[in-house]
Amino acid sequence: MTISATQWGSPTATRRALLIHGITMSSNSWEGLAQLLVAEGFFIVAPNLLAHAGRQGNTDYRISAFAEDLRPYFVMDTSYDVIIGHSFGGTVAVSLLPFLPKKKETTVILLDPGLEFTEEQNKMNLNLFLKETANIKPVDVHMAKNPAWSRRDCVLRTLGLSMCDRTAVEVFRQNSPWSFKGLLKNIPPHVEIAVLVSDPKFGVGICKTEHIPRDVERLNARALTGIGHWIQYECPDVIMDAIPLPRAKL
């Protein structure tokens with residue numbers, strides 16, 4: 001098993017965060033948010049998922065296989081104060097709940113996670129993956145299409161696409177039907193989950209509020225206004241607001 005990840009901050013920091021990227025992205029795509037976390041005293045680890053960032057894929061592309069591949073990040077009861085997953089990475093993050101130490105309080109933040117897709121939506125996602133990885137758009141195209149993104153973010157988007165193994169298209173074939181909202185119904189007592197849902201008026205929203213189970217303890221959802229699917233690029237402050245941080249004494 002190959003360990004491939006990007007790290008920020010000091011390993012001796014008192015707080016730790018695990019960041020899980022989405023499909024066709026890479027660990028270094030978290031650069032902007034990671035720097036904000038470092039400023040708050042975090043040590044950050046961002047793994048590269050299977051078939052991403054030059055990692056070789058395999059024949060098993062079920063969500064459970066992606067979660068199992070991340071098990072080494074929890075060896076020796078390694079724990080994290082915060083786990084953040086974007087899009088496909090949000091679905092993987094929820095699948096990690098059984099790996100978490102039983103007594104460590106952990107905040108899990110899901111950024112527009114892919115929890116439920118109809119068969120038609122799943123086919124559209126498959127075709128979009130094939131199109132984007134076959135014809136990788138240059139940085140300037142991303143900048144023109146996404147004015148809220150920094151040039152760095154556009155560079156990292158292009159880099160992620162260029163390093164993604166096209167066999168990862170099997171994600172959409174091997175997880176059909178795509179239905180993972182049930183993973184949110186049994187949240188361990190030491191875990192709090194926040195779901196940030198993008199504004200469908202600003203790009204293609206992946207998560208819908210109706211995908212999120214209601215009346216589940218320790219599960220909170222927030223529908224964002226004016227923020228699209230790429231929350232970590234468009235408004236990282238809204239993510240920071242969802243992280244429990246020490247408050248200065250009055």
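Before reading further, recall that the structure is shown in the block above.
Residues numbered from 1 in each chain as written. Predicted model: local features only at pLDDT ≥ 70, side-chain atom pairs only at ≥ 80, totals over all residues. Heavy atoms only, no water.

Caption draft 1: Spatial organisation of the pairing of strand E2 (residues 15-20). The buried count for E2 comes to 5 of 6 residues, which makes it a mostly enclosed element. Handedness of the crossover is the feature at issue here: the chain leaves E2, passes through helix H1 (residues 31-39), returns alongside strand E3 (residues 42-47), and the resulting connection is right-handed. Examined bridge by bridge, E2 and strand E4 (residues 82-86) share 4 bridges and lie parallel to one another. Considered in E4, the bridge of Ile20 is made with Gly85. (Buried < 20%, exposed > 50% of the residue type's maximum accessible area, 1.4 Å probe, protein only. Helix = DSSP H or I, 4+ residues; strand = E, 2+ residues; numbered from the N terminus. Right-handed = clockwise from strand over helix to strand, strands pointing away. Pairing = 2+ DSSP bridges.)

Caption draft 2: Broad picture of the packing of aromatic side chains. Taken as a whole and judged by the stated rule, the model has 12 aromatic pairs. On the numbers, 5.5 Å between centres and 80 degrees between planes, the contact of Phe74 with Tyr80 is edge-to-face. In this structure, Phe74 and Tyr80 share a single accessibility class: buried. Taking 5.8 Å as the distance between ring centres and 15 degrees as the angle between the ring planes, the aromatic pair formed by Trp230 and Tyr233 counts as stacked. There is no split in this pair, since Trp230 and Tyr233 are both buried. Ring pairs connect the aromatic residues Tyr61, Phe66, Phe88, Phe117, Phe129, Phe172, Trp178 and Phe180, which therefore count as one cluster. (Phe/Tyr/Trp six-rings, centres within 6.5 Å; stacked < 30°, edge-to-face > 60°.)

Caption draft 3: Up close: unusual backbone geometry. Cis geometry marks the peptide bond from Ser176 to Pro177, where omega comes out at 5 degrees. Note that Pro177 resides in the loop between helix H7 (170-174) and strand E7 (178-179). The residue Met76 is not glycine, and still its phi comes out positive at about 55 degrees. For Met76, the position within the fold is in the loop between helix H2 (63-69) and E4.

Caption draft 4: Main features of the sheet that holds strand E5 (residues 106-111). If you trace the 7 strands from one edge of the open sheet to the other, you get E1-E3-E2-E4-E5-E8-E9, paired in mixed fashion. Among the strands making up the open sheet, the edge pair consists of strand E1 (5-8) and strand E9 (219-223). Ignoring which end each strand starts from, the neighbouring axes of this sheet average 15 degrees apart. Of the strands in this sheet, E1, E2, E3 and E4 touch H1, which is tilted by about 155 degrees from E3. (Axes fitted to C-alpha atoms, helices over the stretch in contact; angles between N-to-C directions. Contact = heavy atoms within 4.5 Å.)

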